[in-house]
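Each chain, letter by letter, is given below.
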Amino acid sequence: MPDTSYRIVDVGAARIAVASPLIEFHHQLNLVYPHQRDGGGDVPFADIRVALTPGSKLRFWGRQVRLWSESQAPFEPYPIGSALPLFEWGSNWLLSQRLNAYLLLHAGVVARGDQAVILPAQPGSGKSTLTCALHLAGWRFFSDEFGVIDMERGLVLPMLKPAALKNASIEVIRQHTNAVLGPVFSGTRKGDVAHFVPDKESFEERRTGAHPHMVVFPRYVAGAPLRCLPVPPTEAVMRIGLNSFNYQTLGPLGFDAAVRIARQARAYDLSYGDLNDALACIETLFDQTP
Amino acid sequence: MSQAPDPACPLLLQGLSRPLDVDVAKWDRLLRLARRTGLHARLAETHLDGDVTLADPVRRHLLSAKRVAEFRTQMVRAELFRLAPLCRGDFPVVVLKGGAYILQERRLSRGRFVSDVDLLVPQSQLRTMEERLRQAGWQTAPLDPYDERYYRDWSHETPPMRFPGRTLEVDLHHALTPVTGRLAFNPQCLFETIRLVTGSPFHVLAPEDQVLHACLHCFQDGDLELRVREVVDIDGLVRELAPEPKFWDQLVRRAGRLGLERPLWYGLSFARLWLGCPIPEQVLAGLPAPSRGTTWIMDRLVPLAMLPPDPDYPEPAKVRWARRAMLARYHLQRMPAGMLVPHLARKVLRRTLARHVGSEAEENNGA
């Protein structure tokens, strides 16, 4: 790590400092964080500090890049051209370890005004795609991965990172005329990955939280008809806990926070085969929910 | 240029006993150093409930560390709860280190990360206890016969056991030192002074033995990588126990009897040097100090090995060399050279083979 001039990426709920001598990585970063100009303020503090450093040029199987955090490289290296997916994935992992002041849900989040829709789901259930589609349909983007619950204020906070779309989702979202996507990285550990860029307004409001208004547990099932059922609060609490990075670690605090969300927000289980049906359904439910 | 130890280390150590009034830039570095050494939840203990004003992100990170430490502590309590029925009163089961600090509700257990539960039983009961653990569902990861024999014959513990689905390991000891080591002593005398913890079926070591065990663990275990938190344990124990009448006398006498004066000297010296641990002058003067040459070397190597270097850089070569030197010292104390050389040769050979085969496999996958 010879060059340690850090660049600050302020994503709302967290500040990430990243250093790298790789010019290509900085280009990739500019593409997916286009609204991040001055580093977002002058506070010399970052929640995580990472460095992306190239490996030896002479490696027979191709040059690699490593992610360093506090003198350690906690992950396997990636091919040199895939520094951005490594940064996104690695920084997400570090954030999930360190932000235990919040209840961290594994969820997409969008909002209208100060009312948020939380979409908790396991990987592979189409949560990122649905979050991006909602954003393209006019909702404010919070995150496709982290539902950051500020337990003291009862708010959900934006974590404004680009959404990592995988495989078929990339084309689904690219069809939208307004969609801005970064380069496609083929053949990563999770298949093809491309990063969806949230709009400038969402970015500028990244420090403004919203109240949990509705919780939707989404599941994309190819070819399936739309099915939407209300989830009783008691069951919603358990499912919120199951879709959390740190519910267990927080013990009673996490339980109380999950109960509070379930009391405050109506919860639904949504399975769908057509993205547009799902969007329309969420719109309708949102308007109906008091 | 990377510095080792990091120049902010003294500030980190200070912050463990009293709140710091520093700006967020300093906090950024302190938190990184603390995270690296597992001391961030300790910083939380001195800063969260005090009068000091903390910037929001700093407070959140301390809170985060505190919660993780509390969760781990809770996991230890849960594991001990499940181990309790295996103590049937026919022989004492002694909880060591972190688990013992929690059982005794010691101040130093707050903000201390615990990763396993260490138990000590009389050597004659080792098999019985192991069998009880197995019967109750704890399992050992499969070992090859060489490793199995290493644990059984040369080490002072059985291979770690774990209950399926739980994260904490249970290490079953029959001694505090490797049986082949230079510092080996008969653990029987430990059992003469153990104490039953009120309201539990577990025993803990006598206070002075707890201090000696912490010193032994800190200075006689591997490459000492970032072991500063163990010096923090020694400091915490001493501060808590020193007010007891005759504590120092008993400690020094016990160290003499068990032949642990050297580890005690190191433990107390570094606790005083780094953490200002209040140790009476005559106590250190009364212990046989290492030779001036050894002290000179250790004074240079121990901080490099134990304190965190600049977190912006990979660890510098001098840190790696210091750790290698400490590792060599450890191995020499652990086994006579006649046993050590074949043992290490075998380990190196196996590791090299594994790396070779392992990396080939990985690259085939990638290709």
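Placed above this text is the structure.
No experiment lies behind these values; they were computed from the predicted model shown.

Novice: Lay out the overall build of chain A in plain terms, naming residues and giving numbers.
Specialist: On a plain count of helices and strands, chain A comes out with 9 helices and 16 strands. Relative to the globule expectation of 19 Å for 290 residues, the C-alpha radius of gyration of chain A, 19 Å, shows essentially globular dimensions. With the C-alpha coordinates aligned to their principal axes, the bounding extent of chain A is approximately 60 × 40 × 30 Å. By the burial criterion, 58% of the 290 residues in chain A qualify as buried.

Novice: So, the layout of surface pockets: which residues are in play, and what are the values?
Specialist: All names here are of chain A. Of the volumes computed, that of the second largest pocket is approximately 860 Å³. The set of elements that each furnish at least two residues to the lining of the second largest pocket consists of α2 (83–98), α3 (127–136), β11 (163–166), α4 (168–174) and β13 (191–196). Of the residues that make up the lining of the second largest pocket, three or more belong to each of domain 1 (7–98) and domain 2 (103–288).

Novice: Requested: an account of the interface of chain A and chain B, with residues and values cited.
Specialist: Between chain A and chain B, the contact holds 29 residues from the first and 27 residues from the second. Considering only the side of chain A, the residues that lose the most area to chain B are F45, E70 and S71 of chain A, jointly responsible for 25% of the buried surface there. Among the ionic pairs, R35 of chain B bridges to E70 of chain A, the shortest N-O distance being 3.0 Å. Put simply, chain A and chain B have 17 residue pairs in polar contact (both at pLDDT 80 or more) between them. Counting only elements with at least two residues in the side of chain A that touches chain B, the list comes to α2 and α7 (247–250) of chain A. The biggest single contributor to the side of chain A that touches chain B is α7 of chain A, with 3 residues.

Novice: Residues and numbers for the packing of aromatic side chains, please.
Specialist: Here the structure, examined in full by the defined rule, presents 13 aromatic pairs over all chains. Plain terms: the ring middles of F25 of chain A and F87 of chain A are 5.6 Å apart, the flat faces sit at 70° to each other, and that makes the pair edge-to-face. Remark: F87 of chain A occurs in helix α2 and F25 of chain A occurs in helix α1 (residues 23–32); sequence separation between them is 62 residues. Here F87 of chain A falls in the buried class, since its relative accessible area comes to 0%. Residues F141 of chain A and F196 of chain A carry aromatic rings whose centres are separated by 6.3 Å and whose planes lie at 45° to one another, so their mutual orientation is tilted. Taken together, the positions of F141 of chain A in strand β8 (residues 140–143) and F196 of chain A in strand β13 put the pair 55 residues apart, joining distant regions of the chain. Of the residues examined, F196 of chain A reaches a relative accessible area of 1% and is grouped as buried. Within the aromatic cluster, the residues linked to one another by ring pairs are F219, W265, Y266, F270 and W274 of chain B. In this structure, R112 of chain A packs its charged tip against the face of F286 of chain A, placed 5.9 Å from the ring centre.

Rules used in this analysis
- Position labels on residues start from 1 in each chain and follow its written sequence.
- The order in which chains are written sets their letters, starting at A; the order in which ligands are written sets their numbers, starting at 1.
- In keeping with the predicted nature of the model, local features appear solely for residues at pLDDT of at least 70, side-chain atom pairs appear and are counted solely at 80 or more, and the whole-chain, interface and lining totals rest on all residues.
- Side-chain measures here rest on the full set of heavy atoms in the structure, leaving out hydrogens and waters.
- For helices the rule is a DSSP run of H or I covering at least 4 residues; for strands it is a run of E covering at least 2, with both sets numbered from the N terminus onward.
- Only C-alpha atoms enter the radius of gyration; for comparison, a globular chain is expected to reach 2.2 Å times N to the power 0.38, where N is the number of residues.
- For the exposure calls, accessible area comes from a 1.4 Å probe over protein chains only, and a residue counts as buried if that area is under 20% of its type's maximum, exposed if over 50%, partly exposed in between.
- Put simply, the grid is 1 Å and covers the protein atoms alone, a cavity is a trapped set of points that fit a 1.4 Å probe, a pocket is an open set with protein on both sides within 12 Å along at least five of seven lines, and lining residues have an atom within 4 Å of a point.
- Grid points are joined across faces, edges and corners, and a volume is the space filled by probe spheres set on the points.
- In this entry, domain limits derive from an automatic or database-based domain assignment.
- Contacts were defined at the residue level, with two residues in contact if any of their heavy atoms lie within 4.5 Å.
- Computed with a 1.4 Å rolling probe, the buried area is the accessible surface lost when two parts are put together, summed over both parts.
- Any carboxyl oxygen of Asp or Glu within 4 Å of a side-chain nitrogen of Lys or Arg constitutes a salt bridge here.
- Polar contacts, as used here, are pairs of N or O atoms within 3.5 Å; protein pairs need one atom able to donate a hydrogen and one able to accept it. Residues neighboring in sequence count only if both atoms are side-chain atoms.
- Two rings belonging to Phe, Tyr or Trp (six-membered ring only in the last case) form a pair when the distance between their centres is within 6.5 Å. Interplanar angles under 30 degrees mark stacking, angles over 60 mark edge-to-face geometry, and anything in between is tilted.
- Each ring is checked for a lysine NZ or an arginine CZ that lies within 6 Å of its centre and within 35 degrees of its normal; such an atom marks a charge sitting over the ring.

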